[in-house]
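Residue strings, one per chain:
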Amino acid sequence: MSSLQALQQEMLQAVLADATPRLRELRGDERANAATRLDIYRHGYRIRLRDALAVEYPGLSLMAGKRLPALLENYVEAHPSGHYNIRWHGAGLAAFLDYGRPWREKPELADMARLDWAISTVFDAPDEPALAVSDMAAVPPSAWGELVLEPQPHLQILSTPYNVEAFRRAADQELMRPRLRHYSKMRHLLIWRQELTVRYRSVDSDELAVLTDAIAGKPFAALCECLAQYHGEDEAMSRMATLLHGWVDSGLLRSCNYPEV
Amino acid sequence: MNKDNSTRQLPYLGFGLGLRVEHYETLLENPGPVEWLEVISENYMIPGGRPLVWLEKFRERFPLVMHGVSMSIGSTDPLDQGYLKRLAALAKRIEPKWVSDHLCWTGVQGVNLHDLMPLPYTEEALTHVVDRVRRVQDALGRRILLENVSSYITYVDSQLSEWDFLAAIAERADCLILLDINNIYVSAHNHGFSPLAYLDGIPASRVQQFHLAGHEHGEQLIIDTHDAPIVSPVWDLYVEAVRRYGHVSTMIERDDHIPPLEELLVELDQARRLALPLLQAAA
């Protein structure tokens, strides 16, 4: 190991350590001793990571309230950053809240973190085209049965029994902290980007089922069969038309494919 | 005033600003006297979305330069090839006038401290950095600029002055220098050296860009916050730098507590008022 490598490893450990170590490699002077100087880096490291996390997790910040500093401090101490972009340090926060004490006793925090992170990653996901009404109109009637709808690749689905989206909305719009609600049934949220705008909304179980089938690449006929299980065959087509209209309107579909007729 | 600009070979851009989200709309609607922009490379090393759309708009209106914070040129970890590929891809996309980063290390053993950690000023560190600068320049297909960082610690092993270290790297690796005037002032105070000796020790032919910024006085040391107006002694040092290096593209770099654009334009005007008479007199 080179002396430069040894020095950098020692400095790294000194910055990460719980308490300020005495390093023989550093020199102080009449202005400030070595420990005071080292503490500037130790303090700055923690502040920077906490600040970046708070920016990346506005919903969680609102939900955690006065517990936020302790939460972020726990995470920063447990998880050094491994990515060149400070923003990606936050990638493991939801998993940390799932398993770390005492946070796992409040599962709404991990779900909130998952929504914040989904929004963050969808924000700068690769640009994709969006299926237009004219694309749908061009589908020959005989091709509809085998038509495959392709949802946006960046589309994420979050299942949670909590009203996490209310916290995110309140944080973005600087509204009062909403009351936490715990529903008896699991709820499902879609997170996607329409052109440059990130969108999220809850979906009913029939829409979730048919969208999951679409993501799996099942053809249009199978999607209609899926809806028939919820609404009966008579109502399925009309429900499908409503969903399809909404998906196209909100840029949720990337493209559609069908065999040449 | 040293007029030897032969090594620079990059354009003089005049007076610019660091591009910040808070100024996106104002800058496009009414750029005022802003002649060029510096963008933080990592903010745009992303797959897609709104930031890149904004960047394209600014690219149409302003000369751009790229300034990174994560190259970690001094680290003893291997160069991050994924990072370099993304950096090169962004440079290819926006065709900046130049690409810069800091003379520092930001992490080791796969951990990133997200800070500009100073290097020991030793022959070993010098050799190490020169080799990596050459490899980065090969990967990017262009010379890079390295910026002096503010520092608070002194390594017992340092054998050179900071300016001798920076100058030697620039000469041996054939790279250019981004001088942050505020950082010289901050480090000079914190380590007790003469900022003028620093300026005298830097070869004028290597200086391509200036940063001007503000800082915060701690109890014992000056903390480089880049979040406040430029103070009078830093302006004085800027004048000395212009006297020595001549036409060097200058910009105001505010990283936090971002004020309205007008406030930064006042500082940019002050930079012009101080520099232009010296440049004209030397012409």
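Notes on the structure in this doc start here.

Cut-offs used in this document
Counting of residues starts from 1 at the beginning of each chain's written sequence and follows it residue by residue. Both sets of labels track the order of writing: A upward for chains, 1 upward for ligands. The predicted origin of the model limits local features to residues at a pLDDT of at least 70 and limits the giving and counting of side-chain atom pairs to 80 or more, whereas totals for whole chains, interfaces and linings rest on all residues. A run of H or I in DSSP becomes a helix once it reaches four residues, and a run of E becomes a strand once it reaches two; helices and strands are each numbered from the N terminus. As defined in this context, the radius of gyration uses C-alpha atoms, and a globule is described by 2.2 Å times the residue total to the power 0.38. Exposure is read from a count of other C-beta atoms within 10 Å of each residue's own; the residue is exposed at 12 or fewer, buried at 20 or more and partly exposed in between. C-beta atoms are placed from the backbone. Contact definition: two residues whose C-beta atoms, as placed from backbone geometry, lie within 7 Å. DSSP-based pairing: two strands are paired if at least 2 bridges between them are found. Helix axes are fitted to C-alpha atoms over the stretch in contact, other axes to C-alpha atoms as well, and angles between N-to-C directions run from 0 to 180 degrees. Following the grouping adopted for this structure description, the nonpolar residues are Ala, Val, Leu, Ile, Met, Phe, Trp, Tyr, Cys and Pro, the charged ones are Asp, Glu, Lys and Arg, and the polar ones are all others, Gly among them. Place the viewer so that the strands point away; then a crossover is right-handed whenever the path from the first strand over the helix to the second strand goes clockwise. Here the angle decides the label: under 35 degrees means roughly parallel, over 145 means roughly antiparallel, 65 to 115 means roughly perpendicular, and every other value means oblique. Left-handed describes a crossing in which the near helix is turned anticlockwise from the far one by less than a right angle; the clockwise case is right-handed. Directions drawn from the helix axis to the C-beta atoms are what define this arc. A set of buried residues qualifies as a nonpolar core if it consists of Ala, Val, Leu, Ile, Met, Phe, Trp, Tyr and Cys joined through C-beta atoms within 7 Å.

1. Overview of the overall build of chain B
A tally of helices and strands in chain B yields nine helices and 13 strands. Over its C-alpha trace chain B gives a radius of gyration of 18 Å, about what one expects of a compact globule, namely 19 Å for 283 residues. Reported as C-alpha extents along the three principal axes, the dimensions of chain B are approximately 50 × 45 × 40 Å. Within the span of chain B, comprising 283 residues, buried residues form 49% of the whole. When contacts within chain B are restricted to residue pairs at least 6 apart in sequence, those whose partners lie at least 24 apart make up 80%.

2. Some words on the sheet that holds strand E13 (residues 249–252) of chain B
In a beta sheet, neighbouring strands are held together by backbone hydrogen bonds and run either parallel or antiparallel to one another. All names here are of chain B. Reading around the barrel, the eight strands line up as E1-E2-E3-E4-E7-E9-E10-E13 and close back on themselves, with parallel pairing between neighbours. Across the sheet, the mean angle from the axis of one strand to that of its neighbour is 30°, orientation sign disregarded. Bridge count for strand E2 (residues 36–40) against strand E3 (residues 64–67) is four bridges, and the pairing is parallel. Following the sheet pairing, Ile 40 is matched in E3 by His 67.

3. Notes on the sheet that holds strand E5 (residues 197–203) of chain A
Residue and element names in this part refer to chain A. The strand order E3-E4-E5 describes an open sheet built from three strands, whose pairing is antiparallel. Unpaired on one side and paired on the other, strand E3 (156–162) and E5 mark the two borders of the sheet. Looking at each pair of strands side by side, their axes are set apart by 25° on average, direction ignored. With seven bridges joining them, strand E4 (residues 182–194) and E5 adopt antiparallel strand pairing. Within E5, the position partnered with Leu 189 by the bridge is Ser 202. Strands E3, E4 and E5 of the sheet are contacted by helix H6 (residues 107–123), whose axis makes an angle of about 155° with E3.

4. Let's talk about the interface of chain A and chain B
In this assembly, 39 residues from chain A lie in contact with 38 residues from chain B. Elements with a minimum of two residues in the side of chain A that touches chain B: helix H1 (3–16), strand E1 (26–27) and helix H2 (34–56) of chain A. Looking at side-chain class alone, the side of chain A that touches chain B contains 19 nonpolar, 11 polar and nine charged residues. The sheet contact formed by E1 of chain A and strand E8 (residues 154–155) of chain B spans two bridges and is antiparallel.

5. Here we look at the pairing of E3 of chain B
All names here are of chain B. Burial along E3 is two-sided: the face carrying Leu 64 and Met 66 and the face carrying Val 65 and His 67 are both buried. Taken together, E2, helix H2 (residues 50–61) and E3 constitute a β-α-β crossover, and its handedness is right-handed. As paired strands, E3 and strand E4 (residues 99–102) are joined by two bridges and run parallel to one another. Directly across from Met 66, in E4, lies its bridge partner Val 99. As for the winding sense of the linkage, the β-α-β connection from E3 through helix H3 (residues 81–94) to E4 is right-handed.

6. Details of the packing of H3 of chain B against helix H4 (residues 123–140) of chain B
Residues and elements named next belong to chain B. Running from amino to carboxyl end, H3 crosses H4 at an angle of 45°, the nearest separation of the two axes being 9 Å. Judged by the angle between their axes, H3 and H4 are oblique. Seen from above, H3 lies across H4 with right-handed handedness. Mapping the contact onto sequence places Leu 84, Leu 87, Ala 88 and Ala 91 in H3 and Val 136, Ala 139 and Leu 140 in H4. Its residues assigned to classes, the contact of H3 with H4 shows seven nonpolar, no polar and no charged.

7. Here we look at helix H8 (residues 164–172) of chain A
All names here are of chain A. Residues of H8 that are buried: Val 164, Glu 165, Phe 167, Arg 168 and Ala 171. Buried residues of H8, seen end-on, are gathered within an arc of 155° and therefore sit on one face of the element. At its buried positions, H8 is contacted by helix H3 (58–64), H6, E3, E4 and E5. Backbone geometry just after H8 places Glu 174 at a positive phi near 55°.

8. Examining the packing of helix H6 (residues 181–191) of chain B against helix H8 (residues 232–245) of chain B
Residues and elements named next belong to chain B. Packing of H6 against H8 leaves a shortest axis separation of 9 Å and a crossing angle of 115°. Our pair here, H6 against H8, has a crossing hand that is right-handed. Contacts between H6 and H8 pair Ile 181, Asn 182, Ile 184 and Tyr 185 from the former with Pro 233, Val 234, Leu 237, Tyr 238 and Ala 241 from the latter.

9. Details of the nonpolar core
Within the largest apolar cluster, 142 residues are counted, with the highest numbers of intra-cluster contacts made by Ala 113 of chain A together with Ile 169, Ile 177 and Ile 181 of chain B. With eight residues, the single largest contributor to this core is H6 of chain A. Sequence-distant contacts of Ala 113 of chain A, that is, excluding residues within four places in its chain, are made with Tyr 57, Leu 60, Leu 93, Ala 94 and Leu 97 of chain A.

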